[in-house]
Amino acid sequence: SHLINQIAAGEVVERPASVVKELLENALDAGSTRIEIDIEQGGSKRIRIRDNGSGIPCEELALALSRHATSKIASLDDLEQVRSLGFRGEALPSIASVSRLVLSSRHQTAENGWSLFGDGQDAFGSPEPSAHAIGTSVDVADLFFNTPARRKFLKTEKTEFGHIEDTVRRIALSRFDVSFELNHNQKNTLRLRAADDRSGAERRIAEICGSAFVEQSLYLDYEAAGLRLWGWVGLPTFSRSQADLQYFYVNSRHVRDRLISHAVKQAYQDVMYHGRHPAFVLFLELNPQLVDANAHPTKQEVRFREGRLVHDFLFRTLHQALADIRP
Ligand code: ADP
Ligand code: MG
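Residues numbered from 1 in each chain as written. Chains lettered and ligands numbered in written order. Predicted model: local features only at pLDDT ≥ 70, side-chain atom pairs only at ≥ 80, totals over all residues.

1. Things to note about the pairing of strand β6 (residues 135-141)
Turning to step 1, where the next piece is worked out: In terms of residue burial, β6 counts as a mostly covered element, since six of its seven residues are buried.
Turning to step 2, where the next piece is worked out: Looking at chain direction, strand β2 (residues 46-51) and β6 are connected through six bridges and run antiparallel. Paired with Asp51 across the strands is Thr136, a residue of β6.
Turning to step 3, where the next piece is worked out: With seven bridges connecting them, strand β3 (residues 100-106) and β6 associate as antiparallel partners. Looking at the pairing, Arg100 lines up with Ala141 of β6. (Buried ≥ 20, exposed ≤ 12 C-beta atoms within 10 Å, placed from the backbone. Helix = DSSP H or I, 4+ residues; strand = E, 2+ residues; numbered from the N terminus. Pairing = 2+ DSSP bridges.)

The following block contains the structure:
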């Protein structure tokens, strides 16, 4: 099963940024409101994520590192309506199989914390008491140390950290109510305070996307037939030559999806300058039963049960919003 975990790691853990993504998703699923990320040497030396979420009971630490042990769904019915970011139960075991991992946690009902030490093998020993506030820390050292072929594929420290920053920004945009801190080689590179209103959210967006985007965008919030679309769309004057400011979230999960891109592009068609790309930070909320997030191990692709309906809703809502501001 160590081999199976390593094979799964090939799908889930492509590079340090994928570890960061999975650990951040777990921290959010645990209800954290504060998340700290410490990176050393682009993540190849160390990735440590500390949260103040619900924590893991001592007796479940080993389970969290074993394959397909998810605490998030109990039945196929649950899978039909996943609300959590995780549900496959393979991230932690995959990461543990290709690194030296320490999982430390104090459950909200526990008197003290516990740590479990992994060495890239299957056996984890038994948990040892450790000083830990309520919440969880995952410390991932020496990523791919036991899979030299994969380690060789890592790019420079700067490139890998760039991917990590992208990942943190993308996830930070999905949850304005959570604070994030990112440090690289002991130096702070990002500090985002939790926000509970629109201006707080816009402060964060300005920090991540630049203030020009916030100034030259339109805020919308529209709901119909159980679908809600809200967020910021760049005015045509802010369209870009690169498609690098396009953030789309479905029920708080960042996704890249052809159907969504198509609908957005169509809506912008009349107002878009030739060869330029729309910029947006948009959130679609709908009944989880209408979305299948289990289309791919990285969960970045989704399938909509009512694709046509979603496409038309996006197109019409955006087109209307843009038509209103068309000169
Ligand atoms: P999944 O997220 O798909 O359930 P993971 O392998 O990512 O699978 O995590 C396994 C389990 O470990 C989770 O279901 C959860 O119970 C627990 N867990 C992982 N990270 C955290 C965390 N930061 N806080 C609380 N529990 C966690
Ligand atoms: Mg997970």
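There's plenty left to go through after this.
2. Quick word on the site of ligand 1
Turning to step 1, where the next piece is worked out: Around ligand 1, the surrounding shell holds 21 residues, and the nearest of these are Asn26, Ala64, Thr70, Ser71 and Gly86.
Turning to step 2, where the next piece is worked out: Elements represented by at least two residues in the shell around ligand 1 include exactly α2 (16-29) and α5 (91-97).
Turning to step 3, where the next piece is worked out: Top contributing element to the shell around ligand 1 by residue count: α2, with three residues.
Turning to step 4, where the next piece is worked out: In terms of residue class, the shell around ligand 1 is made up of seven nonpolar, nine polar and five charged. (Near = placed C-beta within 6 Å. Nonpolar A, V, L, I, M, F, W, Y, C, P; charged D, E, K, R; others polar.)

3. What to know about helix α10 (residues 258-268)
Turning to step 1, where the next piece is worked out: Those residues of α10 not exposed but buried are Ile260, Ala263, Val264, Ala267 and Tyr268. Here the buried residues of α10 occupy an arc of 130° about the axis, which is enough to place them on one side.
Turning to step 2, where the next piece is worked out: Residues of α10 that are buried make contact with β11 (246-250), β13 (280-285) and α11 (307-325). (Arc of directions from axis to C-beta. Contact = placed C-beta atoms within 7 Å.)

4. With respect to the domain arrangement of the chain
Turning to step 1, where the next piece is worked out: One can read the domain layout of the chain as domain 1 (2-192) and domain 2 (211-325).
Turning to step 2, where the next piece is worked out: Inter-centroid distance (C-alpha atoms) of domain 1 to domain 2 is 29 Å. (Domains from an automatic or database assignment.)

5. Observations concerning the environment of Asp119
Turning to step 1, where the next piece is worked out: Along the chain, the position of Asp119 falls in the loop between β4 (113-117) and β5 (128-130).
Turning to step 2, where the next piece is worked out: Once the C-alpha coordinates of Asp119 and Glu207 are considered, the two residues, 88 residues apart in sequence, prove to be 38 Å apart.

6. Brief notes about the sheet that holds strand β9 (residues 217-224)
Turning to step 1, where the next piece is worked out: Across the sheet, which stays open at both edges, the five strands sit in the order β9-β10-β13-β11-β12 with mixed pairing between neighbours. Unpaired on one side and paired on the other, β9 and β12 (253-254) mark the two borders of the sheet.
Turning to step 2, where the next piece is worked out: In terms of strand pairing, β9 meets strand β10 (residues 227-234) through eight bridges, oriented antiparallel. Residue pairing in the sheet places Glu223 in a bridge with Arg228 of β10.

7. Topic: the sheet that holds β5
Turning to step 1, where the next piece is worked out: Ordered by their spatial adjacency, eight strands build an open sheet running β5-β4-β3-β6-β2-β1-β7-β8, and the pairing between neighbours is mixed. Looking at strand neighbours, the two that pair on one side only are β5 and β8 (187-192), the edges of this open sheet. Looking at each pair of strands side by side, their axes are set apart by 15° on average, direction ignored.
Turning to step 2, where the next piece is worked out: Strand direction decides the pairing type here: β3 and β4, joined by four bridges, are antiparallel. Residue pairing across strands places Val102 opposite Phe117, the latter belonging to β4. (Axes fitted to C-alpha atoms, helices over the stretch in contact; angles between N-to-C directions.)

8. Here we look at the nonpolar core
Turning to step 1, where the next piece is worked out: Judged by nonpolar contacts, the single largest core of 76 residues is most densely connected at Val20 and Ile95.
Turning to step 2, where the next piece is worked out: The dominant element in this core, judged by the number of residues it contributes, is α2, at seven residues.
Turning to step 3, where the next piece is worked out: The two domains that each donate at least three residues to this core are domain 1 (2-192) and domain 2 (211-325).
Turning to step 4, where the next piece is worked out: Sequence-distant contacts of Ile95, defined by excluding residues within four places in its chain, comprise Ala9, Val13, Val19, Glu22, Leu101 and Val140. (Core = buried A, V, L, I, M, F, W, Y, C linked by C-beta atoms within 7 Å.)

9. Overview of the environment of Gly55
Turning to step 1, where the next piece is worked out: In this fold, Gly55 is placed in the loop between β2 and α3 (61-64).
Turning to step 2, where the next piece is worked out: Leave out the neighbours within four places in its chain, and Gly55 touches Ser105, Arg106, His107, Gln108, Ala110, Ile134, Gly135 and Thr136.

10. A few points about helix α1 (residues 2-12)
Turning to step 1, where the next piece is worked out: By the burial criterion, the buried members of α1 are Asn5, Ala8, Ala9 and Val12. Projected down its long axis, α1 carries its buried residues within an arc of 110°, all on one side. Those residues of α1 that are exposed and aimed more than 90 degrees away from the buried face are Leu3 and Ile7.
Turning to step 2, where the next piece is worked out: Contacts made by the buried residues of α1 are with α2 and α5.

11. Some points on the packing of α10 against α11
Turning to step 1, where the next piece is worked out: At a closest axis distance of 8 Å, the pairing of α10 and α11 adopts a crossing angle of 30°. Taken together, the axes of α10 and α11 are roughly parallel relative to one another. As α10 runs across α11, the sense of the crossing is right-handed. Across from Leu259, Ile260, His262, Ala263, Val264, Gln266, Ala267 and Tyr268 in α10, the residues of α11 making contact are Gly307, Val310, His311, Leu314, Phe315, Leu318, His319 and Leu322. (Parallel < 35°, antiparallel > 145°, perpendicular 65-115°, else oblique. Left-handed = near helix turned anticlockwise from the far one by under 90°.)

12. Thoughts on the pairing of strand β7 (residues 179-184)
Turning to step 1, where the next piece is worked out: Alternating residues of β7 divide into Phe180, Leu182 and His184, all buried, and Ser179, Glu181 and Asn183, none buried.
Turning to step 2, where the next piece is worked out: For strand β1 (residues 34-40) and β7, the ladder comprises six bridges, and the chain directions are parallel. By the bridge assignment for β7, Glu36 is matched with Glu181.
Turning to step 3, where the next piece is worked out: Across five bridges, β7 lies against β8 in antiparallel orientation. Paired with Glu181 across the strands is Arg191, a residue of β8.
Turning to step 4, where the next piece is worked out: The antiparallel pairing of β7 with β8 creates a hairpin that spans two residues between the two strands, and Asn185 there sits at a positive phi of about 50°.

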